[in-house]
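Fold and contact review
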Amino acid sequence: MQTEGERQKNFFDVCGTCKINCCWDARPPITLRRKEIIEEYLKKHKIPIENPFVHTEYTFPRENVDGYCIFYDKATRKCIVHPVKPETCVAGPVTFDINKQTGKIEWYLKMEKICPLAGVMYKEKNLLVKHFEAARKEILRLVKELPPEALKTILKREEPETFKIGEEEIESEVLNKI
Ligand code: SF4
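My aim in this report is to walk through the structure given alongside it, one point at a time. Since this is a predicted model, take the numbers as computed values, not measurements.

**Considerations on the overall build of the protein chain**
- Each helix and strand in the protein chain was counted, giving seven helices and seven strands.
- Going residue by residue from the N terminus, the α and β elements of the protein chain occur as α-α-β-β-β-β-α-β-β-α-α-α-β-α.
- For the protein chain, the C-alpha radius of gyration of 16 Å lies close to 16 Å, the compact-globule estimate for 178 residues.
- Projecting the C-alpha coordinates of the protein chain onto the three principal axes gives extents of approximately 45 × 40 × 25 Å.
- Put simply, of all contacts in the protein chain between residues at least 6 apart along the chain, 71% involve residues at least 24 apart.

Laid out in structure tokens, this is it:
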């Protein structure tokens, strides 16, 4: 059985050599609370990024001219706000949808062809179970905190090349927003 440290190493090894960049055209939703946490983190670590967020139907990190998230460091291939990154970034390769008819939140995993880490997780079920626990917590907080317009907008975004790994009932407070 792998130790926690070995598991973490697995994550970095897989993501560090991956040629598909999930931080390109990512536009992860940011809640007001997360926005403040990230701004505080940037200030504390003296990371000079002006106006890091874009506000449209929902708030997300702006992109550089190549379409990469402004928090993506091309040189190290890492996220510069990793400890406080957005909920969907923590959750990936687990993604979600909300089915208004069934009243359930549905959980999906990216296919290996678009995310090698998802492939590793799928083969090593312990890893997936542990990651899913954290992903679920992050996403449930996100859907609760996002304003209705923001939640409706992000749910319109298609996520092909994923497959369903589970579902559960979601609070009416969330369902009423969509
Ligand atoms: S916040 Fe970090 S992990 Fe999320 S898309 Fe931007 S660079 Fe990638």
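That covers the picture; the talk isn't over yet.
**Brief notes about the packing of aromatic side chains**
- Throughout the structure, instances matching the rule amount to five aromatic pairs.
- Summarising the aromatic geometry, the rings of Phe 53 and Phe 71 are spaced 6.0 Å apart at their centres and angled 70 degrees between planes, so their arrangement reads as edge-to-face. Taken as a pair, Phe 53 in strand β1 (residues 53–55) and Phe 71 in the loop between β2 (59–61) and β3 (72–73) lie far apart in primary sequence, 18 residues in all.
- Relative accessible area serves as the criterion here: at 9%, Phe 53 is assigned to the buried category.

**A few points about helix α2 (residues 32–44)**
- Over its 13 residues, α2 extends 18 Å from the first C-alpha to the last, a length consistent with the 18 Å expected when each residue adds 1.5 Å.
- Every buried residue of α2 is listed here: Arg 34, Lys 35, Ile 38, Tyr 41 and Leu 42. Burial along α2 is one-sided: seen end-on, the buried residues are contained in an arc of 130 degrees. Looking at α2, the residues exposed on the side facing more than 90 degrees away from the buried face are Leu 32, Lys 43 and Lys 44.
- In this structure, the buried residues of α2 make contact with β1, β2, α3 (87–91) and α5 (125–145).
- Just past α2, the residue Lys 46 takes up positive phi, approximately 50 degrees.

**So, the site of the ligand**
- Lining the immediate environment of the ligand, one finds Cys 23, Ala 26, Cys 69, Phe 71, Tyr 72, Cys 79, Lys 85, Pro 86 and Cys 89.
- Looking at the shell around the ligand, its residues break down into eight nonpolar, no polar and one charged.

**Focus: the sheet that holds strand β7 (residues 162–169)**
- One open sheet accounts for three strands, arranged β5-β6-β7; its pairing is antiparallel. Where the open sheet ends on each side, the last strands, each with one partner, are β5 (94–99) and β7. If you compare each strand with its neighbour and ignore which way they point, the axes differ by 25 degrees on average.
- Pairing of β5 with strand β6 (residues 104–110) involves six bridges; the strand directions are antiparallel. Directly across from Ile 98, in β6, lies its bridge partner Ile 105.

**Some words on the pattern of salt bridges**
- Evaluated as defined, the whole model comprises 16 salt bridges.
- Glu 39 is the salt-bridge partner of Lys 35, the closest N and O atoms lying 3.2 Å from each other. Residue Lys 35 and its partner Glu 39 are both found in helix α2; the two are separated by four residues, about one turn of the helix.
- Assessed through its relative accessible area of 31%, Glu 39 is described here as partly exposed.
- Here Glu 167 ties to Lys 104 by a salt bridge, and the two come within 3.6 Å at their closest N and O atoms.

Rules behind the numbers
Residues numbered from 1 in each chain as written. Predicted model: local features only at pLDDT ≥ 70, side-chain atom pairs only at ≥ 80, totals over all residues. Heavy atoms only, no water. Helix = DSSP H or I, 4+ residues; strand = E, 2+ residues; numbered from the N terminus. Rg over C-alpha atoms; globule rule 2.2 N^0.38 Å. Contact = heavy atoms within 4.5 Å. Phe/Tyr/Trp six-rings, centres within 6.5 Å; stacked < 30°, edge-to-face > 60°. Buried < 20%, exposed > 50% of the residue type's maximum accessible area, 1.4 Å probe, protein only. Expected span 1.5 Å × (residues − 1). Arc of directions from axis to C-beta. Near = heavy atom within 4 Å. Nonpolar A, V, L, I, M, F, W, Y, C, P; charged D, E, K, R; others polar. Pairing = 2+ DSSP bridges. Axes fitted to C-alpha atoms, helices over the stretch in contact; angles between N-to-C directions. Salt bridge = Lys/Arg side-chain N within 4 Å of Asp/Glu carboxyl O.

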